[in-house]
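Structural features, examined
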Amino acid sequence: MRYPQKANFKPMPKPFPPCPFQKLSPSQLKRDDRFFMQLAYNQALEAWHLGEVPIGAVIVHEGTVIASAHNRVEASKDPTAHAEILAITQAAHALGDWRLNGTRLYVTKEPCPMCSGATVMSRIDTVIYGVKDPKMGCMGGAYPVQELPQLNHKVKTLPGIFEEECHELLQTFFALKRAN
C-alpha cells in the first residue's frame, strides 16, 4: 500500500509578543547625545514591532538627522540589513558622497564586525552607542577595530549613552523570544 506524500508543511510562527516599551518624545531644546540616542531607541522599537532584533541607528551631520534606520534582517532576508548599514546608506545618499566626514552615528548596541568596518570605511567621525557587546562588538567590546594601527581613518567612540534603557530593551526582547 502506498501512502500519500506529506505536503511541505511549515508551521506558522507564533506571533511575537508586543513591545512593552513606549516611544520617547525627547525635547528639541537640548539636542545632545542623549537626545539623538533616544531617537535611535525609537528606531529600535520600530524594529521590535516588525519582529526584528531591536537595534536602531541615527546619523547626524551638523546637528541635523540625515539618516535613521532599524534592523531589517528578517523582513529583507538580508544578513547585511543591520540598522547601521541601512543608516550609512541613507546618509551617503543624503550627503551625495560615500565619505561621511563630520557625522556622528548613534546606535543602541555596539556595532558588530561588519558594521564597525562600515563605519571606518565610510569615514564616520564618532560612534555613540548604548550597550557594549562583549561577544560581537568591535568598537571596544570584543575587539576595537577602529584602533587598528594601519587605518588611515580613526573613528572616535563614546559608549554607555542611554545604556540602561537600551540594555533593558534588548534583554526583554530576548527573554520574551526564548519564552515564546
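Residues numbered from 1 in each chain as written. Predicted model: local features only at pLDDT ≥ 70, side-chain atom pairs only at ≥ 80, totals over all residues. Heavy atoms only, no water.

**Here's the deal with the packing of helix H3 (residues 83-95) against helix H4 (residues 113-121)**
Defined as follows: Between the N-to-C directions of two axes lies an angle of 0 to 180 degrees, each axis being a line fitted to C-alpha atoms and, for a helix, fitted only over the stretch in contact. Helix and strand definitions here come from DSSP, where helices need a minimum of 4 consecutive H or I residues and strands a minimum of 2 consecutive E residues; each element is numbered from the N-terminal end. For classification, angles of less than 35 degrees are called roughly parallel, those exceeding 145 degrees roughly antiparallel, those between 65 and 115 degrees roughly perpendicular, and all remaining angles oblique. Crossings are sorted by hand: turned counterclockwise from the far helix by less than a right angle, the near helix makes the crossing left-handed, and turned clockwise it makes it right-handed. Any pair of residues with heavy atoms lying within 4.5 Å of one another is described as a contacting pair. Any residue that is not Ala, Val, Leu, Ile, Met, Phe, Trp, Tyr, Cys, Pro, Asp, Glu, Lys or Arg is counted as polar, Gly included; the first ten are nonpolar and the last four charged.
It is at 9 Å that the axes of H3 and H4 come closest, and there the two elements cross at 25 degrees. Considering their axes alone, H3 and H4 lie roughly parallel with respect to each other. The chirality of how H3 crosses H4 is left-handed. Along the contact surface, H3 presents Glu84, Ile85 and Ile88, while H4 presents Met114, Cys115, Ala118 and Thr119. Residues of the contact of H3 with H4, tallied by class, amount to 5 nonpolar, 1 polar and 1 charged.

**Quick look at the nonpolar core**
Just so we agree on the cut-off: Throughout, nonpolar core names a set of buried Ala, Val, Leu, Ile, Met, Phe, Trp, Tyr and Cys residues whose side chains join them through atoms within 4.5 Å. Summary of the burial criterion: residues with accessible area below 20% of their type's maximum are buried, those above 50% are exposed, and those between are partly exposed, where the area comes from a 1.4 Å probe applied to protein chains only.
Counting residues in each nonpolar core, the largest one holds 45 residues, and the members touching the most others are Ile59, Tyr106 and Val127. Looking at this core, the elements with two or more residues in it are helix H1 (33-49), strand S1 (56-61), strand S2 (64-70), H3, strand S3 (103-109), H4, strand S4 (126-131) and helix H5 (163-179). Residue contributions to this core peak at 8 residues, all from H1. Setting aside anything within four residues of it in sequence, one finds Ile59 in contact with Thr64, Val65, Ile66, Ala67, Ala87, Ile88, Ala91, Thr103, Arg104, Leu105 and Ile124.

**A few points about the packing of H1 against H5**
Relative to each other, H1 and H5 sit at 10 degrees, their axes nearing to 11 Å. On the basis of the axis angle, H1 is roughly parallel to H5. Residues Arg34, Tyr41, Ala44, Leu45 and Trp48 of H1 touch H5, and the partners they reach there are Glu165, Cys166, Leu169, Thr172, Phe173 and Leu176. In terms of residue class, the contact of H1 with H5 is built from 8 nonpolar, 1 polar and 2 charged.

**A short note on the pattern of salt bridges**
For clarity, the cut-off: Any Lys or Arg side-chain nitrogen located within 4 Å of an Asp or Glu carboxyl oxygen qualifies as a salt bridge.
Counted according to the given criterion, the structure contains 6 salt bridges. Of the charged contacts in the structure, one is a salt bridge between Glu46 and Lys23, with a shortest N-O distance of 2.7 Å. Taken together, the residues Glu46 in helix H1 and Lys23 in the segment before H1 connect sequence positions 23 residues apart. Of the charged contacts, one joins Asp32 and Lys30 as a salt bridge, the two residues approaching to 3.9 Å between their closest N and O atoms. Note on Asp32: relative accessible area 30%, which makes it partly exposed.

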